[in-house]
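What follows is the residue order along each chain.
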Amino acid sequence: MPENLFESGHLFREEIDRKLLRAFAVAPEHANTLEKYKALSLFAREQLAQRWVKTQQEDREKKARRICYLSMEFLLGRSLNNALDALDLRDRAEAAFPSEKGVSLSGLLESETDAALGNGGLGRLAACFLDSMATLELPSWGYGMHYEYGMFSQAIVNGEQVEHPDLWLAEGSSWIFPRPGRNFIVNFGGVAEHHGEWSEWNATESVVANAYDYVIPGHGTGRVSTLRLWKASAPAQIDLNAFNSGDYARAAEIKNRFENISWVLYPNDSTPAGRELRLRQEYFFVSASIQDILRNHLEEHGNLNNLHEQIAIHLNDTHPAIAIAELMRLLCDVHGMLWADAWSQCRRIFSYTNHTLMPEALETWPVSLMIHLLPRHMRIIFQINQEFLNEVTQRFPGDVELVRRVSLIDDADGNEHNKRIRMSHLCIVGSHRVNGVSRLHSDLMVKTIFADFARLYPERFHNKTNGVTPRRWLAQANRGLAGLIDSRIGRDWRYDLDRLEKLKEYSGDPEFRRAFAEIKRENKQRLADYIHEKTGIAFSADSLFDVQVKRIHEYKRQLLNVLHVITRYNAILHGLADDAPPRCVIFAGKAASSYVMAKLIIRLIHDVAQVINNDRRIHDRLKVIFVPNYSVSIAELIMPAADLSEQISMAGTEASGTGNMKFSLNGALTIGTEDGANIEIRDGVGPENIFIFGNSAARLQELRRSGYDPRGIYTNTPALNEALNRIDGGFFSPGDSRRYHSVFNSLVNYGDHYMLLADYSDYIEAQKKADQLFLDSSEWHRKAILNVAGMGIFSSDRAIREYAVDTWKMASSLRKTGDAE
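Just so it is clear, the model here is predicted, and its values are computed rather than measured.

Enquirer: Hey, could you run me through the overall build of the protein chain in this one?
Expert: Across its full length, the protein chain holds 33 helices and 22 strands. The globule rule puts the C-alpha radius of gyration for 821 residues at 28 Å, and the 27 Å found for the protein chain is close to it. Seen through its C-alpha atoms, the protein chain measures out along the principal axes to roughly 80 × 75 × 65 Å. Counting every position in the protein chain, which comprises 821 residues, the buried fraction comes to 61%. Expressed as a percentage of contacts within the protein chain between residues at least 6 apart in sequence, the contacts between residues at least 24 apart total 75%. In the form shown here, the protein chain has an accessible surface area of approximately 31,200 Å², with 49% of it arising from carbon and sulfur atoms. For the protein chain, the distance from the average position of its 95 positive side-chain charges to the average position of its 106 negative side-chain charges is 1 Å.

Enquirer: Please explain the packing of aromatic side chains as it appears in this structure.
Expert: Each aromatic ring pair is described using two quantities: the centre-to-centre distance and the angle formed by the ring planes. Overall, the coordinates contain 22 aromatic pairs when judged by the stated rule. Aromatic side chains Tyr 714 and Phe 744 sit 5.4 Å apart centroid to centroid with 85 degrees between the ring planes, which places their arrangement in the edge-to-face category. Remark: Phe 744 occurs in helix H30 (residues 741–748) and Tyr 714 occurs in helix H28 (residues 710–716); sequence separation between them is 30 residues. Looking at Tyr 714, the relative accessible area reads 9%, which means it is buried. Taking relative accessible area as the criterion, Phe 744 reaches 5% and is therefore assigned buried. Each ring, one from Phe 731 and one from Phe 732, has its centre 5.0 Å from the other, and the planes form 85 degrees; the classification is edge-to-face. Feature note: the residues Tyr 69, Phe 74, Phe 129, Tyr 803 and Trp 808 constitute an aromatic cluster, connected by ring pairs. A cation over a ring is seen here: Arg 179 above Trp 52, with NZ or CZ 5.3 Å from the ring centre. The ring centre of Tyr 495 lies 5.1 Å from the NZ or CZ of Arg 815, which sits over that ring.

Enquirer: How do you make sense of the confidence of the model for the protein chain when you look at a structure like this?
Expert: Interpretation of this model should avoid reading the predicted coordinates in detail wherever pLDDT is low. Across the protein chain, the average pLDDT comes to 95, with 97% of residues at or above 70. In the model, residues 1–6 has pLDDT below 50 throughout and makes 16 contacts with residues more than four positions away in sequence or in other chains.

Enquirer: Explanation requested: empty space enclosed by the protein in the structure shown.
Expert: To find leftover empty space, one rolls a probe the size of a water molecule over the atoms. By the definition in use, this model includes seven cavities of 30 Å³ or more. For the largest cavity, the calculated volume is near 170 Å³. The set of elements that each furnish at least two residues to the lining of the largest cavity consists of helix H3 (80–86), helix H6 (121–135) and strand S8 (205–217). Its residues placed into classes, the lining of the largest cavity shows ten nonpolar, three polar and three charged. In this model, the second largest cavity occupies a volume close to 80 Å³. In terms of lining, the second largest cavity is formed by Ala 64, Arg 66, Cys 68, Trp 141, Tyr 143, Ile 293, Asn 296, His 297, Glu 300, His 301, Gln 310 and Ile 311. Broken down by class, the residue content of the lining of the second largest cavity amounts to six nonpolar, four polar and two charged.

Enquirer: Mind showing me how you'd approach the sheet that holds strand S21 (residues 669–672) here?
Expert: The pairing of strands in a sheet comes from backbone hydrogen bonds and takes either a parallel or an antiparallel form. Spatially, S19-S18-S17-S20-S21-S22 is the arrangement adopted by the six strands of the open sheet, whose pairing is parallel. Sheet topology places strand S19 (622–627) and strand S22 (691–692) at the edges, where each strand pairs with a single neighbour. Note that strand S18 (residues 583–588) and S19 share six bridges and pair parallel. By the bridge assignment for S19, Cys 584 is matched with Lys 623. Across the face of the sheet, helix H22 (residues 558–573) comes into contact with strand S17 (544–549), S18, S19 and strand S20 (644–647) while running at roughly 155 degrees to S18.

Enquirer: Would you mind showing me how to read the nonpolar core here?
Expert: As a rule of thumb, soluble globular proteins bury nonpolar side chains together. Membership of the largest hydrophobic core comes to 276 residues, with the highest contact counts inside it found for Phe 284 and Trp 808. Contacts of Trp 808, omitting those with residues within four sequence positions, involve Arg 65, Ile 67, Tyr 69, Met 133, Leu 138, Ala 312, His 314, Ser 351, Ile 800 and Tyr 803.

Enquirer: Explain the packing of helix H31 (residues 756–774) against helix H32 (residues 777–789) to me, please; I cannot follow it from the model alone.
Expert: A pair of packed helices is characterised by two quantities: the angle between their axes and the separation of those axes. Between H31 and H32, the shortest axis-to-axis distance is 7 Å and the interhelical angle comes to 110 degrees. Put simply, H31 runs roughly perpendicular to H32. Across the interface between the two elements, Ala 770, Leu 773 and Phe 774 from H31 touch Ser 777, Glu 779, Trp 780 and Lys 783 from H32. Among the residues making up the contact of H31 with H32, the classes are represented as four nonpolar, one polar and two charged.

Enquirer: Quick question: what am I supposed to make of the pattern of salt bridges here?
Expert: In the structure shown here, the tally under the stated rule is 55 salt bridges. The closest approach of N and O atoms between Asp 333 and Arg 376, which form a salt bridge, is 2.6 Å. Placement of the pair is Asp 333 in helix H11 (residues 323–334) and Arg 376 in helix H14 (residues 375–395), with a sequence separation of 43 residues. Residue Asp 333 is classed as buried on the basis of its relative accessible area, which comes to 17%. Owing to a relative accessible area of 4%, Arg 376 belongs among the buried residues under this scheme. A salt bridge links Asp 546 to Arg 583; its shortest N-O distance comes to 2.7 Å. Pair noted here: Asp 546 is in strand S17 and Arg 583 is in strand S18, with a separation of 37 residues, a long-range link. Taken as a pair, Asp 546 and Arg 583 share a single burial class, namely buried.

Enquirer: Help me understand the pairing of S8, please; the structure alone is not making it clear to me.
Expert: Looking down a regular strand, the side chains alternate between one sheet face and the other. Most of S8 is tucked away, with twelve of its 13 residues classed as buried. In the sheet, S8 pairs with strand S9 (residues 224–233) via ten bridges, with the strands oriented antiparallel. When the bridges of S9 are listed, Ala 209 appears paired with Ala 232. Taking the residues that link successive antiparallel strands as the turn, the S8-S9 hairpin has six residues, and the phi of Gly 220 there is positive, at about 70 degrees.

Enquirer: Before we go on, may I ask you to explain H31 in this structure?
Expert: At 3.6 residues per turn, the α-helix brings residues three or four places apart onto the same side. With 19 residues, H31 should reach 27 Å at 1.5 Å per residue; the first-to-last C-alpha distance of 25 Å fits that figure. Maximum bend of H31: about 30 degrees, positioned at Asp 762.

Thresholds applied
Residues numbered from 1 in each chain as written. Predicted model: local features only at pLDDT ≥ 70, side-chain atom pairs only at ≥ 80, totals over all residues. Heavy atoms only, no water. Helix = DSSP H or I, 4+ residues; strand = E, 2+ residues; numbered from the N terminus. Rg over C-alpha atoms; globule rule 2.2 N^0.38 Å. Buried < 20%, exposed > 50% of the residue type's maximum accessible area, 1.4 Å probe, protein only. Contact = heavy atoms within 4.5 Å. Areas by Shrake-Rupley, 256 points an atom, 1.4 Å probe, with all protein chains shown as cover. Lys, Arg positive; Asp, Glu negative; His and termini not counted. Charge placed at Lys NZ, Arg CZ, Asp CG, Glu CD. Phe/Tyr/Trp six-rings, centres within 6.5 Å; stacked < 30°, edge-to-face > 60°. Lys NZ or Arg CZ within 6 Å of the ring centre and 35° of its normal. pLDDT = per-residue confidence, 0-100. 1 Å grid on protein atoms, 1.4 Å probe; cavity = no way out; pocket = protein on both sides within 12 Å on 5 of 7 lines; lining within 4 Å. Points joined across faces, edges and corners; volume = space filled by probe spheres on them. Nonpolar A, V, L, I, M, F, W, Y, C, P; charged D, E, K, R; others polar. Pairing = 2+ DSSP bridges. Axes fitted to C-alpha atoms, helices over the stretch in contact; angles between N-to-C directions. Core = buried A, V, L, I, M, F, W, Y, C linked by side-chain atoms within 4.5 Å. Parallel < 35°, antiparallel > 145°, perpendicular 65-115°, else oblique. Salt bridge = Lys/Arg side-chain N within 4 Å of Asp/Glu carboxyl O. Expected span 1.5 Å × (residues − 1). Bend = angle between axes of the 7 residues up to and from the residue.

As structure tokens, this is what we get:
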């Protein structure tokens, strides 16, 4: 039924009641919350399905050029709230489910489980980009994995992270459409036999990739994009002979061996089996995606000669890098294209986003493992590498070191068994465009890790600063603030975030400041209530909410934050912080299951919290919270409530960040280093409206070269000395005084790799400045408003427009700025 017939909540509710009867066989008056949620979701899904079919039909008729975005992660969060906004049904849904009559709309929305298809910033960025592609009307497909159990569900037991399967599909999903018959065979193992220009791969294992489509609605448009996810199934479900003979474990072995490919995101790679499973995952989703892209193209065009004119494939980090070799295999071995023609196509089709400057984080695979799992692809990579190195040698004859550095194969130690494939090098050689994700990151990328490639292909490198979708991260996550903004500058900022700049003229308006402060206070109380319910810890919403929520990793420097917390605690006990406002320091994030130090940091946070939160001498002047099982929906609760956003990674390590953008967009002030997009945020909001501290990336390099001495800093900085001694001496772990000796050693005796101690004193001073400003509530909120006003450049719409014009050559497909139906 057309959505415009539902002009009242009454008619809308009648339609939902019919869904309850017809789809779930339950009388409306007896339906529980989950059934009502599913009925409402089914109605929204039907409306989106109509748009979806129309979108695909229009693209086929136009023979539209398409962008295919390959990513290991898509951290989508919940979908119903977003769907209602995209369909302009939110008001009618609220009228249909009023708070005073049983379950409210907000109660229904809370019953949805987050889609567990990602973990951190990489996946959240990909989700924002899909939203912008649909909203900007780009013909687009996302490709990823249909993870059955996500990465993991995080529980905290006695202060320690415990991983459980994320059962996000336990009740099914209303937003996934199975595509029967849309499946492909993905092979592994065996040998590759060569026959001139083509090869025959005789594989020993095969798994079936089944397609599941996730609906991605655009906003202010009738277009809906597709996220196609791949789920593995075994070619034979069970060994029936083994089953009939009573060997039930062996009967199911084949099913489990193949289907575990799509069980879990980022399986533990601390074992050979775990590393092999990761490579299987990457190739599985890439092979199915490339096969699907080629099938779609052939159905529409009949041949592959114009593939590069109709398809752009973007690699979100190196996880999908094997796509380059897979496309070459399919073009040459399956479709009979000559190598030179296929390689010409490849280099015009692929583009690549790099997300890290840390050499240890750049993905590599052992040559031996690649030969074992993907022998044909290894030969293709060898051939690509040989042709590339021939080109380098011709251009720079005699420069053996350059050849060694840029080679796709790392054999620096000369040991044949230790050879590894540099997947980032494969991406660069096989792509026509390579970008970083912040101005600093892109600049350092061509000066450090990829300097040689920038010398070879200077025109190939460029910057695309990340962005976030304002629909989810302001309009939906912070409806109070969105409504206040609407009342002053209208609603069009949802599609043109630069319009937020008009808020600058309201930063000095006392009435606007008061309304802004009231909304922030309401958001803070909502978060405080949630934390009290989940953790039992109570605290005042009038305290300064100091927030660091992100993946737990040493380079993100949660430990530096902990050092500040302990320093503040000590200062309160010593009577040196009497003029500081009450503060609640909030942490959240997951540690990779095999990352021992990251998991130890989580335990330290909990041990510190246990001591501080139960010390009556503090009188609620300091609280420490760790919010378990961080997710998109929890982020949507935390970010509108934050006063201070901790973005404190070591300068030169964080590529960009997107959490920093979301916090500022919701009116938090940033305390951060000169890293990632923090620099551009400073430019956008004004240096006087952000707390930047610490050494620059260049200064840190100078410190290392001149002989960085963390022990000297520890010895000569009394407050730091006291904090670290309490960690090392067992003050926070009285039953195990040596629990955190490795933490102490890593900072003081083993080089302090991420240089926390170098930035410690400046960080403490920046925190004192934040204290002083927070005591002046009116001035704090003035600066918070200016943060919101300065965030126009950080829209994912802006980023996607730049990609469409500069990288994907799809400018003509873009919707005009600010246009909305």
